[in-house]
Amino acid sequence: MKVDILASGSSGNCIAIRSNETTILIDVGIAKTKIEKRLLEVGIRPNQIAAIFITHAHSDHIKGLPLANKYKIPVYAAVQEWKSINGVDEDLQGIKRPGKFMDIKGLLVGAFRTHHDAYEPLGYTVQTEEGKKLSICLDTGQVDTEILAAMRDSDIYIIEANHEPKMVEASDYPTSVKTRILSHIGHLSNQQTAEALTRLIQGRKEKIYLTHLSSKNNMSTLAEMTVMRALMKKGLKKDKDFEIEVV
């Protein structure tokens, strides 16, 4: 299984996952032309994409959906999220339900509910025929037991480490925006992400990607250090027991 994070953050999110001859995208939150360019840069032709899965219908996750119509790629999202998705040809629209698995040419894609200010946001798991598992959890204000259960035993974790609460509180954002970010339907703080990963990482040299960092309310070194300290406190060592990258 190979992962290419083509975009991450409030300006747009797009993740390519491939195994053998199958490639899928999780979110397409940057312009279609940028997605095409970045796919080609990592050796993927856009017409090779087997499916697109949407976590939720905020613009930084769906901006590039014209890609689907151009290349006739099926798009899957939760039932309620289709209320906010326009412009996808009707014959390409699919429903992704939590707890149900779909076989996309050898990639088994599951979904779980997350907590965000959208109609029906989802996280995803992807499993290969060889038994490798990847979990993606973006845009959620909390990580509950159901999310942990769905993500458990993954080889690759892609999870947001959006902000440092003190930086949010000291920012010039309006109070309403601060409240939203810090709420249970907002975004994960570095500490929340660290706590979740201490419950998930087993020391099997799992790969961690910290994503969706706020450009104003976080720093890559701070996010990485917060997670590393929590895992080291658990007795795990970087590079020996786990790998970590901030994107």
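All of these numbers come straight from a predicted model, not from anything done at the bench. (Residues numbered from 1 in each chain as written. Predicted model: local features only at pLDDT ≥ 70, side-chain atom pairs only at ≥ 80, totals over all residues. Heavy atoms only, no water.)

A. Expanded view of the sheet that holds strand β7 (residues 102–104). Pairing is mixed in the open sheet, where seven strands are placed in the order β7-β8-β9-β10-β11-β12-β13. In this open sheet, the two strands that pair with only one neighbour each are β7 and β13 (242–246). Strand-to-strand, the axes of this sheet are offset by a mean angle of 20°, without reference to chain direction. Bridge count between strand β11 (residues 156–160) and strand β12 (residues 206–211): five bridges; the pairing is parallel. Across the sheet, residue I158 finds its bridge partner in β12, namely Y209. Packing of helix α7 (residues 190–200) onto the sheet brings it into contact with β11 and β12, and relative to β11 it is tilted by some 160°. Of the strands in this sheet, β12 and β13 are in contact with helix α8 (residues 220–233), which crosses β13 at around 160°. (Pairing = 2+ DSSP bridges. Helix = DSSP H or I, 4+ residues; strand = E, 2+ residues; numbered from the N terminus. Axes fitted to C-alpha atoms, helices over the stretch in contact; angles between N-to-C directions. Contact = heavy atoms within 4.5 Å.)

B. Geometry of the packing of aromatic side chains. For the coordinates displayed, the defined rule picks out two aromatic pairs. Ring centres of F53 and Y76 lie 5.1 Å apart, and the angle between their planes is 20°; on these two criteria the pair is classed as stacked. Of this pair, F53 sits in strand β4 (residues 49–53) while Y76 sits in strand β5 (residues 75–77), placing them 23 residues apart in sequence. A relative accessible area of 0% places F53 in the buried class. With a relative accessible area of 16%, Y76 lands in the buried category. Taken together, the ring pairs in this structure connect F53, Y76 and Y124 into an aromatic cluster. Against the face of Y119 rests K83, its NZ or CZ located 4.9 Å from the ring centre. (Phe/Tyr/Trp six-rings, centres within 6.5 Å; stacked < 30°, edge-to-face > 60°. Buried < 20%, exposed > 50% of the residue type's maximum accessible area, 1.4 Å probe, protein only. Lys NZ or Arg CZ within 6 Å of the ring centre and 35° of its normal.)

C. The arrangement of the sheet that holds strand β1 (residues 2–7) in detail. Taken together, six strands build an open sheet; the order of strands is β1-β2-β3-β4-β5-β6 and the sheet is mixed. In this open sheet, the two strands that pair with only one neighbour each are β1 and β6 (93–95). In this sheet, neighbouring strand axes are inclined to one another by 25° on average, regardless of whether the strands run parallel or antiparallel.

D. Summary view of the layout of surface pockets. A volume near 220 Å³ is recorded for the largest pocket. As for the largest pocket, its lining consists of 16 residues, and the residues nearest its centre are S10, N162, R180, H187 and H212. Looking at the lining of the largest pocket residue by residue, the class counts come to three nonpolar, nine polar and four charged. (1 Å grid on protein atoms, 1.4 Å probe; cavity = no way out; pocket = protein on both sides within 12 Å on 5 of 7 lines; lining within 4 Å. Points joined across faces, edges and corners; volume = space filled by probe spheres on them. Nonpolar A, V, L, I, M, F, W, Y, C, P; charged D, E, K, R; others polar.)

E. Spatial organisation of the pattern of salt bridges. Per the counting criterion, the structure on display carries 14 salt bridges. Note that R113 and E120 form a salt bridge whose closest N and O atoms lie 3.3 Å from each other. Classification of R113 by relative accessible area gives partly exposed; the value is 46%. K240 is paired through a salt bridge with D241; the nearest N and O atoms lie 3.6 Å apart. K240 gets classed as exposed once you look at its relative accessible area, which sits at 57%. With a relative accessible area of 10%, D241 lands in the buried category. Taken together, the shared-partner salt bridges connect K2, D4 and R18 into one network. (Salt bridge = Lys/Arg side-chain N within 4 Å of Asp/Glu carboxyl O.)

F. View of helix α1 (residues 32–41). For α1, the complete set of buried residues consists of I35, E36 and L39. Angular distribution of buried residues about the axis of α1 spans 100°; they occupy a single face of the element. Exposed residues on α1 whose side chains face more than 90 degrees from its buried face are T33, K37 and E41. For α1, the secondary structure elements touched by its buried residues are β1, β2 (14–19), β3 (22–28), β4 and α3 (66–71). One or two positions beyond α1, positive phi appears at G43, with a value near 85°. (Arc of directions from axis to C-beta.)

G. Inspection of unusual backbone geometry at higher detail. Non-glycine residue N20 carries a positive phi angle of around 55°. In this structure, N20 sits in the loop between β2 and β3. The backbone phi angle of D27 is positive, close to 70°, even though this residue is not glycine. Here D27 shows up in strand β3.

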